[in-house]
Amino acid sequence: DKGTGDWVGAEWQVMHRVAGGHTLVGGVEYREDIRGEQLSYYDTQPRVGWYAAEAKSRNAAAFMQAEIGVTPKLLLNAGARLDHYFDGFGNTFNPRLAAIYSPRETTKIKAMYGTAFRAASPYEQYYQFVGTPLRLLRPERIRTYELAVDQYFHRNYRLGVSAYRYYVTDLISQAQDEQGDFYFNNLARVKASGVELEMDARFSSGIQARANYALQRAEDALTGAVLSNSPRHLAQANVAFPLFDERVMLGAELNYRGSVGTLAGAE
């Protein structure tokens, strides 16, 4: 298999602060895939090719966000983004909302909601056996809900706790037709929930450290089965040391990923 791609893009963004401490942000974005070639063949003598395609695409977006200080302790953040895929599924509109409440200077409580999408990659959209009908894939869509609390201690330490729930529709998955040929389609709906604990520290020496742990579960929304390749436990720890008056940081990071299930039922 071989794939080659070239693309160009541009983004323009403007920010404006208004009286009362409010902030407005807006902008536009454009991207064009000027080359997207895929080739597949059996490496035999002579070589046997069975798939070749070239796909070009264009997409544009406009976005806006407002940060509004309702009271000295309550901040609202609202935004939206409109994307258009000229050679694909058309438009998708995604809003995001957040309320940030600070009962005191060292405590922040955040409630967040948002939607997002992922368009099919050229591999998912076009890679298929000869004779298999082309399916125009819809974008994957997700709705997210999150509640988080950040507590600061002596300004140098932060403890964060959050709980979240996600809903994914039109998940792009691989399937097999009656002839045994594989293809991609919008097949699944998924829901996921979890909790996360995070601790940050910045010492007077300039050393910075962070650790977090997440417990989560992602399952098929129709059957309740846990998704394959989806860990229950995730953890991360890192530390960074300042060099040359903090102009350079030297760091190390450790990541842990719990066991996952396979399609065959193993771990």
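Scroll up for the structure.
Attention now goes to the pattern of salt bridges. Under the definition given, this model contains 16 salt bridges. Arg138 is the partner of Asp170 in a salt bridge, and the nearest nitrogen-oxygen pair spans 2.9 Å. With a gap of 32 residues between them, Asp170 in strand β9 (residues 157–176) and Arg138 in the loop between α1 (122–126) and β8 (140–153) connect regions that are remote in the sequence. Its salt-bridge partner being Arg158, residue Glu198 comes within 2.3 Å of it at the nearest N-O pair. With Glu198 in strand β10 (residues 182–202) and Arg158 in strand β9, this residue pair connects regions lying 40 residues apart in the sequence. Comparing Glu198 with Arg158 shows no difference in burial state: the two are buried. Residues participating in the shared-partner salt-bridge network are Lys110, Asp150, Arg158, Glu198, Asp200 and Arg210.

Further remarks concern the layout of surface pockets. Taken as a whole, the largest pocket spans an internal volume of roughly 600 Å³. Asp33, Ser57, Ala120, Ser121 and Pro122 are the residues nearest the centre of the largest pocket, which is lined by 29 residues in total. Elements represented by at least two residues in the lining of the largest pocket include exactly β1 (2–18), β2 (22–42), β4 (57–71) and α1. For the lining of the largest pocket, the element with the most residues is β2, which contributes 6 residues. For the lining of the largest pocket, the class distribution of residues is 11 nonpolar, 10 polar and 8 charged. In this model, the second largest pocket occupies a volume close to 400 Å³. If you trace the second largest pocket, you find 22 residues lining it, with Gln65, Gly79, Arg96, Gly114 and Thr115 closest to the centre. Listing elements by their share of the lining of the second largest pocket, those giving two or more residues are β4, β5 (74–85), β6 (90–104), β7 (107–118) and β8.

This brings us to the packing of aromatic side chains. Under the criterion given, the structure shown has 8 aromatic pairs. Between Tyr85 and Phe117, the aromatic rings sit 6.0 Å apart at their centres with planes inclined by 90°, giving edge-to-face as the arrangement. Highlighted residues: Tyr85 in strand β5 and Phe117 in strand β7, separated in sequence by 32 residues. Ring-pair connections join several aromatic residues into one group, and the members of that group are Tyr85, Phe89 and Phe117. The ring centre of Phe86 lies 4.4 Å from the NZ or CZ of Arg58, which sits over that ring.

Reading the values: the criteria
Residues numbered from 1 in each chain as written. Predicted model: local features only at pLDDT ≥ 70, side-chain atom pairs only at ≥ 80, totals over all residues. Heavy atoms only, no water. Salt bridge = Lys/Arg side-chain N within 4 Å of Asp/Glu carboxyl O. Helix = DSSP H or I, 4+ residues; strand = E, 2+ residues; numbered from the N terminus. Buried < 20%, exposed > 50% of the residue type's maximum accessible area, 1.4 Å probe, protein only. 1 Å grid on protein atoms, 1.4 Å probe; cavity = no way out; pocket = protein on both sides within 12 Å on 5 of 7 lines; lining within 4 Å. Points joined across faces, edges and corners; volume = space filled by probe spheres on them. Nonpolar A, V, L, I, M, F, W, Y, C, P; charged D, E, K, R; others polar. Phe/Tyr/Trp six-rings, centres within 6.5 Å; stacked < 30°, edge-to-face > 60°. Lys NZ or Arg CZ within 6 Å of the ring centre and 35° of its normal.

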